[in-house]
Amino acid sequence: MAAPRAGLGAGAGAAAGVPGRQGSSGVEVVFPSEPAPPAPLCPHGPTLLFVKVNQGKEETRRFYACSACRDRKDCNFFQWEDEKLSGARLAAREAHNRKCQPPLSRTQCAERYLKFIELPLSQRKFCQRCQQLLLPDDWEKHHEHRVVGDISITQLRRPSQLLYPLENKKTNAQYLFADRSCQFLVDLLPTLGFTRVLCVGTPRLHELIRLKASDDKKSNIKSLLLDIDFRYSQFYMEDSFCHYNMFNHHFFDGKAALEVCRTFLQEDKGEGVIMVTDPPFGGLVEPLAVTFKKLIAMWKEGQSEGSSHKELPIFWIFPYFFESRIRQFFPSFCMLDYQVDYDNHALYKHGKTGRKQSPVRIFTNIPPNKIILPSEEGYRFCPLCQRYISLENQHCEHCNSCTSKDGRKWNHCFFCKKCVKPSWIHCSICGHCALPDHSCGGPKDGCFICGELDHKRSTCPKITTSKKVNRAVRKQKQRKSNKMKMGITKGQSMNHTSVTRKKNRRERAHQYLCS
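Residues numbered from 1 in each chain as written. Predicted model: local features only at pLDDT ≥ 70, side-chain atom pairs only at ≥ 80, totals over all residues. Heavy atoms only, no water.

## Here's the deal with the pattern of salt bridges
Then step 1. Under the counting rule described, the total for this entry stands at 18 salt bridges.
Then step 2. A salt bridge links Asp179 to Arg158; the nearest nitrogen and oxygen atoms lie 3.9 Å apart. Residue Asp179 is found in helix H5 (residues 179-191), and its partner Arg158 is found in the loop between helix H3 (153-157) and helix H4 (159-162); the two are separated by 21 residues along the sequence.
Then step 3. For Asp179, a relative accessible area of 42% translates into the label partly exposed.
Then step 4. Across the pair Lys310 and Glu271 runs a salt bridge whose closest N-O atoms are separated by 3.0 Å. Of this pair, Lys310 sits in the loop between helix H8 (285-300) and strand E15 (314-319) while Glu271 sits in the loop between helix H7 (255-266) and strand E14 (273-277), placing them 39 residues apart in sequence.
Then step 5. Accessibility expressed as a relative area gives 38% for Glu271, which makes it partly exposed.
Then step 6. By sharing partners, the salt bridges in this structure join Arg158, Asp179 and Glu207 into a single network. (Salt bridge = Lys/Arg side-chain N within 4 Å of Asp/Glu carboxyl O. Helix = DSSP H or I, 4+ residues; strand = E, 2+ residues; numbered from the N terminus. Buried < 20%, exposed > 50% of the residue type's maximum accessible area, 1.4 Å probe, protein only.)

## Here we look at H8
One turn of an α-helix holds 3.6 residues; hence residues three or four places apart share an orientation.
Then step 1. Helix length check: H8 (16 residues) gives 22 Å between terminal C-alpha atoms against 22 Å at 1.5 Å per residue, within 8%.
Then step 2. Taken together, the buried positions of H8 are occupied by Val285, Glu286, Pro287, Leu288, Ala289, Thr291, Phe292, Leu295, Ile296, Met298 and Trp299. (Expected span 1.5 Å × (residues − 1).)

## Points about the sheet that holds strand E7 (residues 125-127)
Then step 1. Judged by pairing direction, the sheet is antiparallel, and its 3 strands sit side by side in the order E8-E7-E9 without closing on themselves. The open sheet has two free edges, formed respectively by strand E8 (132-134) and strand E9 (147-148), since each of these has just one partner strand.
Then step 2. Sheet topology places E7 next to E8; 3 bridges connect them, and they run antiparallel. Bridge assignment links Phe126 to a residue of E8, and that residue is Leu133.
Then step 3. The strands touched by helix H2 (residues 106-118) within the sheet are E7 and E8, with E8 carrying the most contacts at an inclination of about 50°. (Pairing = 2+ DSSP bridges. Contact = heavy atoms within 4.5 Å. Axes fitted to C-alpha atoms, helices over the stretch in contact; angles between N-to-C directions.)

## Observations regarding the packing of H7 against H8
Each pair of packed helices can be summarised by the angle the axes make with each other and by the distance between the axes.
Then step 1. For the pair H7 and H8, the least separation of the axes is 8 Å and the interaxial angle reads 60°. If you check the angle between H7 and H8, you find them oblique. Seen along the crossing, H7 lies across H8 with a hand that is right-handed. In contact with Leu258, Cys261, Arg262, Leu265 and Gln266 of H7, H8 contributes Leu295, Met298 and Trp299. (Parallel < 35°, antiparallel > 145°, perpendicular 65-115°, else oblique. Left-handed = near helix turned anticlockwise from the far one by under 90°.)

Below you can see the structure in the form of structure tokens.
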């Protein structure tokens, strides 16, 4: 998965037709109910329309920003909704967007892949620096790079193990399924009767499905990968991978890729297909829901009139604390107790206990009693809830449900009339359950220092001047320390110049103090 714009606030809320939190502050994404002009384009496709919200009130001016990057350093696109751009600025933007696209087209990547697999093993090379499969004509350009040789067919079938995971947490951090979770899904999907899997942001699942199909002649399951990481295009043909942004439903290779996806979804009149998606956890739920509904609509186009009531089966893999947001858009979804874990994530690991357990779950519109969770991991069937639950999840007779969300046993609060986490207690002042050391009546929004609602902590006027000065001094010391660690030396002449400058500064400072 690749992490997009996140931490923008409460979410789209009312702007997307879904009730937002009253009195919330932040940035919300806007989906106009009436037909609107096409959104301007950035290197990641059509931008999204945002609005700043302060205490539940929208500001008057809205703006467009990148759907895939939350850090301006990664994509600095910004345009006011009512801003008129000159022809020169539009031309410069188009040139910039073209410059940011992958160097090779989808067709060129497929042609290179076919040539690569025909090479003898000794000539199959992969540049780790450029993350690129190399043909003999490329060797000279990469001779100073770190190159791995003897790339086997097995390695080509597992590109997620050959490529470095993207690690920019603010833009495209990739966390890949652990083999345990991946194998569980690969084994589960055929038992549910699925023969095609649309993998949206799940490259490792796509790999294992294809591996199983090639190794097991009885397996007839197929998959199509949609992912924003264009590096996968050099490992798959056009009918197996589409370069795709799930936050704006953008196919980077245009109508040809769109038709590949449409054909895949509508094959056999849409029967036997499921969508499995693992979006970046920092992403807003609203744009994802809008995109998934467009994929559902694409699938429904191939349905017969008598099947219009059916839903596209979906596995949406996301942290459990997004349950209410997901169900606002997909009321038929339920959350499974199965804990999904990842290879390269320090916290989201299987086998941990208490609060350290992975919070990632599967949300689905498939009846939960049909999904059998592995008993060897402690999952068991609750006949009252008609679903499989985790080991410590206990059925509450007051709630008439197995209430735990995080894998621990929850306790029923008779004041709140619901089950809560075991670490929470009921607060008579706040009127609800919370952590024992919570701040009663503390500011939920606004400044954490003074409690005012019109600004944040970083801009609080009550931060003393001394604190600001100390912070500046610490930053300056850190910069000097970083330079020393890097070992930046520019020769004796530069050192002499630096000493001279420091001496002059000291003399000027002395003159100033004595004047």
